[in-house]
Amino acid sequence: MSTRTASCSCGQLQIDVQGEPLRVSVCHCLACQKRTGSVFAEQARFIASGSKVTGASTEYVRIGDEGTKFTFHFCPKCGATVYYTAAGREDVVAVPVGAFADPAFTTPTVSVYERRKHSWLQVPVEFEHIP
């Protein structure tokens, strides 16, 4: 089983995840836009029991549009988000794909909150589209 490592910008906070992602998606919600500083976020979900975190993190909790509590773990030194979890889905950990710094990372297959998508952005037609 393969292991991938994601880390913050300074390398202090890391997460090792095992296996292939359960899902890779892009999210266009306004909270993800603000968190990433981009027009969407891309994240990969993995089975939490196959992950190992090293380094210190600071937590930020927010409530999503549908009422789910998300806990984001970011580096207290450089501020980069390395992973997050959703209440009720403690068996899964989500990792921003950019934290892997791997241009060959698995292509996303799902696009969510498309009603918040920037009009100039074109999502591939073969993706699952969730308004």
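Above this text is the structure in question.
Residues numbered from 1 in each chain as written. Predicted model: local features only at pLDDT ≥ 70, side-chain atom pairs only at ≥ 80, totals over all residues. Heavy atoms only, no water.

Visitor: Describe the nonpolar core, listing the residues and the values that go with them.
Guide: Across soluble globular proteins, nonpolar side chains show a tendency to be buried alongside one another. Ranked by size, the top nonpolar core spans 19 residues in total, and within it Ile15, Val17, Phe46, Val93, Val95, Phe100 and Phe105 carry the most contacts. Of all the elements in the fold, those that place two or more residues in this core are β2 (14–18), β4 (41–47), β8 (81–86) and β9 (92–96). In terms of nonpolar packing, the next biggest core, distinct from the first, is built from 7 residues, Cys29, Ala41, Val112 and Tyr113 among them. (Core = buried A, V, L, I, M, F, W, Y, C linked by side-chain atoms within 4.5 Å. Buried < 20%, exposed > 50% of the residue type's maximum accessible area, 1.4 Å probe, protein only. Helix = DSSP H or I, 4+ residues; strand = E, 2+ residues; numbered from the N terminus.)

Visitor: Got a sec to walk through the sheet that holds strand β5 (residues 51–54)? Specific residues and values, please.
Guide: Through backbone hydrogen bonds, the strands of a sheet pair up, either in parallel or in antiparallel fashion. Ordered by their spatial adjacency, 3 strands build an open sheet running β1-β2-β5, and the pairing between neighbours is antiparallel. Pairing within the sheet leaves two strands with one partner each, and these edge strands are β1 (3–7) and β5. The average angle at which neighbouring strand axes cross in this sheet is 15°, direction not considered. Where β1 and β2 come together, 5 bridges link them in antiparallel fashion. For Ser7, the partnering residue across the bridge sits in β2 and is Gln14. (Pairing = 2+ DSSP bridges. Axes fitted to C-alpha atoms, helices over the stretch in contact; angles between N-to-C directions.)

Function-wise, these values are silent; they only describe arrangement.
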